[in-house]
Amino acid sequence: MPNIYVSEASAYVDQETTIRGWLYNKRSSGKIQFLLVRDGTGIIQAVIFKPEVPAEVFQHGEELTQESSLVVTGTVRKDDRAPGGYELLVKDLQIVQIAQDYPIAPKEHGVGFLMEHRHLWLRSSRQHAVLRVRAQVIKACRDYLDQQGFLLVDAPILTPAACEGTSTLFETDYFGEKAYLSQSGQLYNEAAAMAFGKVYCFGPTFRAEKSKTRRHLMEFWMIEPEAAYYTFEDLIQLEESFVSYIVQSVVAQCREELAILERDTSPLANVQPPFPRITYDQALDILHQHGKEINWGDDFGGDEETLLAEQFPKPVFVTHYPARCKAFYMQPDPDRPQVVLASDLLAPEGYGEIIGGSQRIHDLALLERRIAENNLPREAFEWYLDLRRYGSVPHSGFGMGIERVVAWICGIDHLREVIPFPRMLYRIYP
Ligand code: 4AD
Ligand code: MG
């Protein structure tokens, strides 16, 4: 008997096969039991008909509880009424383990309870759908950049200095010296770009964000392309084609998952280049027209981003931010040095910033000045300054938060559901 996966059932019609999995749910009526068996690739209905099996097989079926593990053998039948279109007519059934009192019953539970049981919650079909979309997003990111000739160069996680400001650093002891968990691979990416031209890094990044919002995690995954000789305009065009490719790839590859999530995909169909662009100053005008009291030089928060994004049917770029609300490494606009060649990409439907990017300062003296103005420890940045001493060129890059993008594509409110084990303010279990 071949062992098969549920996803392969269509290739085994009328053949006897074995499926190894877990009981998702069951119902019975008299002489017949319907077991919903999941194996990670899908769910198939296994039908036990009492007159056709040995007594103990029927008995095993009765003993099975939700999430018990089992090995079931039977003949695959095509049946349009069955969930998934195929069913298994059971000949044999072995119990691997009986699950006693599985805590997540097929009823409503509060999010706190589900988070506490995240290790089990991952087995539900909704969580399956979300994490499959996540895997597709990551695959699409990598496929796109690989096809465009970007080389994957990994950045370290343990670092001696800040990249995105000192207020959100996780500090750790490194054999008697202070070290920090990486907030972004960017600075190392810049070194890699000077070595390889077009590069990207992908990995977990860490922010000790003391705010408890639905858009912030302490540990999130970021994909960061960086390219030598890329201008700010090159950067924006890369971002819009990258994001469009990812969204269209998920829409095409994850139809079933998006259906399980009841995601209306019509707004996603819009996500094609070019994306609208507004400057920070234009954004400020829009915010003022909507009664927001915000001064030139202030950064935008989640509410402002939502309001701005609502004005457009596609993701929108906000460009030319005041230098003082952005990071130390951003290139000033040559025509107006108080703003920087930076852009945030805001997703529609209230999802806010999904990408932050900029052209980088390539002039040594200017970068030295910025490091000093930001009170950053110069010694820790000597290697970074070397990149401006030895063959410095204009270059640009961006970082995209995987969870923000997955939440947007799935239409899920809170980032905690789009990463397998979220690290949130006040929660590090399980
Ligand atoms: O805008 P950020 O802070 O940019 C950087 O870190 C740059 N060094 C990236 C680069 O240019 N290579 O972060 C980039 C993206 C944000 O747009 C957002 O999508 C995500 O990372 N992000 C978070 N996602 C979840 N939780 C958090 N706490 C996040 N902080 C940023
Ligand atoms: Mg940002």
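Structure shown above.
Our subject in this report is the structure included herewith. (Residues numbered from 1 in each chain as written. Chains lettered and ligands numbered in written order. Predicted model: local features only at pLDDT ≥ 70, side-chain atom pairs only at ≥ 80, totals over all residues. Heavy atoms only, no water.)

**Things to note about the overall build of the protein**
Next, step 1: Helix and strand counts for the protein come out as 13 helices and 19 strands.
Next, step 2: Over its C-alpha atoms, taken along the principal directions, the protein stretches across nearly 85 × 55 × 40 Å.
Next, step 3: Per-residue burial for the protein yields a buried fraction of 51% across its 430 residues.
Next, step 4: Contacts in the protein between residues at least 24 apart in sequence constitute 66% of all its contacts with a sequence separation of at least 6.
Next, step 5: Of the roughly 20000 Å² that the protein leaves accessible, carbon and sulfur atoms contribute 50%. (Helix = DSSP H or I, 4+ residues; strand = E, 2+ residues; numbered from the N terminus. Buried < 20%, exposed > 50% of the residue type's maximum accessible area, 1.4 Å probe, protein only. Contact = heavy atoms within 4.5 Å. Areas by Shrake-Rupley, 256 points an atom, 1.4 Å probe, with all protein chains shown as cover.)

**Considering the state of the cysteines**
Next, step 1: Here the structure, examined in full by the defined rule, presents 0 disulfides.
Next, step 2: With no disulfide of its own, cysteine 325 has cysteine 163 as its nearest cysteine by sulfur position, at a separation of 16 Å.
Next, step 3: Residue cysteine 325 is classed as buried on the basis of its relative accessible area, which comes to 17%.
Next, step 4: Looking at cysteine 410, it has no disulfide partner, and the nearest cysteine sulfur is the one in cysteine 254, 8.1 Å off.
Next, step 5: With relative accessibility at 2%, the residue cysteine 410 sits in the buried group. (Disulfide = S-S within 2.5 Å.)

**A few points about the site of ligand 1**
Next, step 1: In the vicinity of ligand 1 lie 23 residues, with Glu164, Gln186, Arg207, Glu224 and Glu353 positioned nearest.
Next, step 2: A distance of 2.7 Å separates a nitrogen atom of ligand 1 from a polar atom in the side chain of glutamate 164.
Next, step 3: Within the contact set of ligand 1, a nitrogen atom lies 2.7 Å away from a side-chain nitrogen or oxygen of glutamate 224.
Next, step 4: When isolated, ligand 1 has an accessible area of 630 Å², and the protein chains bury 94% of it.
Next, step 5: Mapped onto the shell around ligand 1, the elements with two or more residues apiece are strand 12 (219–228), strand 18 (352–359) and strand 19 (395–401). (Near = heavy atom within 4 Å. Polar contact = N/O pair within 3.5 Å; in protein donor to acceptor, adjacent residues only side chain to side chain.)

**So, empty space enclosed by the protein**
Next, step 1: Tallied over the full model, the rule gives 3 cavities of 30 Å³ or more.
Next, step 2: Reported here for the largest cavity is a volume of approximately 110 Å³.
Next, step 3: Every residue lining the largest cavity is counted, 17 residues in all, and those nearest its centre are Thr159, Ala161, Ala162, Leu187 and Tyr188.
Next, step 4: Here the lining of the largest cavity takes 3 residues from helix 5 (residues 186–196), the largest share from any one element.
Next, step 5: A class-by-class count of the residues in the lining of the largest cavity yields 11 nonpolar, 6 polar and no charged.
Next, step 6: There is about 50 Å³ of room inside the second largest cavity. (1 Å grid on protein atoms, 1.4 Å probe; cavity = no way out; pocket = protein on both sides within 12 Å on 5 of 7 lines; lining within 4 Å. Points joined across faces, edges and corners; volume = space filled by probe spheres on them. Nonpolar A, V, L, I, M, F, W, Y, C, P; charged D, E, K, R; others polar.)

**Topic: the packing of aromatic side chains**
Next, step 1: With the rule as written, the count across this model stands at 17 aromatic pairs.
Next, step 2: Here the aromatic rings of tyrosine 144 and phenylalanine 242 are separated by 5.7 Å at their centres, their planes lie at 65 degrees, and the arrangement is edge-to-face. Pair noted here: tyrosine 144 is in helix 4 (residues 125–147) and phenylalanine 242 is in helix 6 (residues 232–253), with a separation of 98 residues, a long-range link. When sorted by exposure, tyrosine 144 lands in the same class as phenylalanine 242, which is buried.
Next, step 3: Aromatic side chains tyrosine 144 and tyrosine 245 sit 5.3 Å apart centroid to centroid with 50 degrees between the ring planes, which places their arrangement in the tilted category. Here tyrosine 144, found in helix 4, pairs with tyrosine 245, found in helix 6; they are 101 residues apart in sequence, far enough to count as distant.
Next, step 4: Pairwise contacts between aromatic rings join Tyr188, Phe328, Tyr329, Phe381, Trp383 and Tyr384 into one cluster.
Next, step 5: The aromatic ring of tyrosine 384 is capped on one face by arginine 388, whose charged end is 4.2 Å from the ring centroid. (Phe/Tyr/Trp six-rings, centres within 6.5 Å; stacked < 30°, edge-to-face > 60°. Lys NZ or Arg CZ within 6 Å of the ring centre and 35° of its normal.)

**So, the layout of surface pockets**
Next, step 1: Its boundaries defined by the atoms lining it, the second largest pocket holds a volume of some 500 Å³.
Next, step 2: Tyr24, Ile104, Lys107, Trp121 and Ser124 are, among the 20 residues lining the second largest pocket, the residues nearest its centre.
Next, step 3: Listed by contribution, the elements that provide at least two residues to the lining of the second largest pocket are strand 2 (16–29), helix 2 (111–116), helix 3 (118–121) and helix 4.
Next, step 4: Looking at the lining of the second largest pocket residue by residue, the classes come out as 9 nonpolar, 5 polar and 6 charged.
Next, step 5: Looking at the lining of the second largest pocket, you find at least three residues from each of domain 1 (3–97) and domain 2 (118–417). (Domains from an automatic or database assignment.)

Geometric descriptors of this kind do not, in isolation, establish any biological role.
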